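# Descriptive structure summary
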Amino acid sequence: MSIDDLRAAGVIAVLRAPTPDSALECVSALVEGGVTGIEITYSTPDAPAVIDRARRDHPEALVGAGTVLTARQAREAADAGARFLVSPGTDDDLARAMLDTGLTTLLGALTPGELMRAVALGAHAVKIFPASLGGPGYLKALRGPFPDVPLMPTGGVGADNVADWLAAGAFAVGAGGELCPSAAIAAGDRAEITTRARAFAAALRKARA
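Being a predicted model, the structure only gives us computed values, none of them experimental.

## Describing the pairing of strand β6 (residues 125–128)
Burial along β6 is two-sided: the face carrying A125 and K127 and the face carrying V126 and I128 are both buried. In the sheet, strand β5 (residues 104–109) pairs with β6 via four bridges, with the strands oriented parallel. When the sheet's bridge partners are listed, L106 is paired in β6 with A125. With helix α6 (residues 112–120) bridging β5 and its parallel neighbour β6, the resulting β-α-β unit is right-handed. Alignment of β6 against strand β7 (residues 151–153), held across three bridges, turns out to be parallel. Residue pairing for β7: K127 is matched across the bridge by M152. Handedness of the crossover joining β6 and β7 through helix α7 (residues 135–143): right-handed.

Encoded structure:
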């Protein structure tokens, strides 16, 4: 896959679940609601097994690994069938290990200097995190010196401001708690997650219309 596939998905769910089963139930709810970009974070127990099962159960989804912090995790995720890798920050050795898998790689950054380092290391896109600290205005300001770098804000993204982030220059958005609330995941509240996914999917369609 390529960045264009993530761009087409538009909304990437950042999934942190307390158990593998609750993670898989959340994946099903997200796909039912129309969100097909799904980042299984390494804060989820047995993340590689969840990635493997999720991508087999939902071949229409783009299932990747998030909160990748070590080279071992990058290799594990690739072996499990992840389509993309996301790190919350930028570390030289980790970036090389992620890129060595051949998978689409997003490195995390917040400041212009961090963004420059991520680009220099070869990131296919940069995750602006936590984007809530600057909002869409900050992302728009980054687009000035970095017009050609695909930027994905994560943190502070809700269904009510998806259009603002895209207008500011995001190629896609990452959504965690606003899309997959921890209480809903823990309670197995599939309906709540599906409803939120539908709201995000509708916001994306409206923003692109």
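Now, onward.
## Considering the pattern of salt bridges
One pass over the structure, following the stated rule, counts 12 salt bridges. In this structure, the salt-bridge partner of R7 is D4, at a minimum N-O distance of 2.6 Å. With R7 and D4 both in helix α1 (residues 3–9), this residue pair falls three residues apart, about one helical turn. Among the residues examined, R7 registers a relative accessible area of 34% and is labelled partly exposed. Here R55 and D52 are joined by a salt bridge, their closest N and O atoms 2.9 Å apart. Here R55 and its partner D52 are both found in helix α3 (residues 47–57), three residues apart, which amounts to about one turn of the helix. We classify D52 as partly exposed; its relative accessible area is 23%. Ionic contacts of the salt-bridge type, sharing partners, join the residues E25, E32, R190 and R198 into one network.

About the criteria used
Residues numbered from 1 in each chain as written. Predicted model: local features only at pLDDT ≥ 70, side-chain atom pairs only at ≥ 80, totals over all residues. Heavy atoms only, no water. Buried < 20%, exposed > 50% of the residue type's maximum accessible area, 1.4 Å probe, protein only. Helix = DSSP H or I, 4+ residues; strand = E, 2+ residues; numbered from the N terminus. Pairing = 2+ DSSP bridges. Right-handed = clockwise from strand over helix to strand, strands pointing away. Salt bridge = Lys/Arg side-chain N within 4 Å of Asp/Glu carboxyl O.

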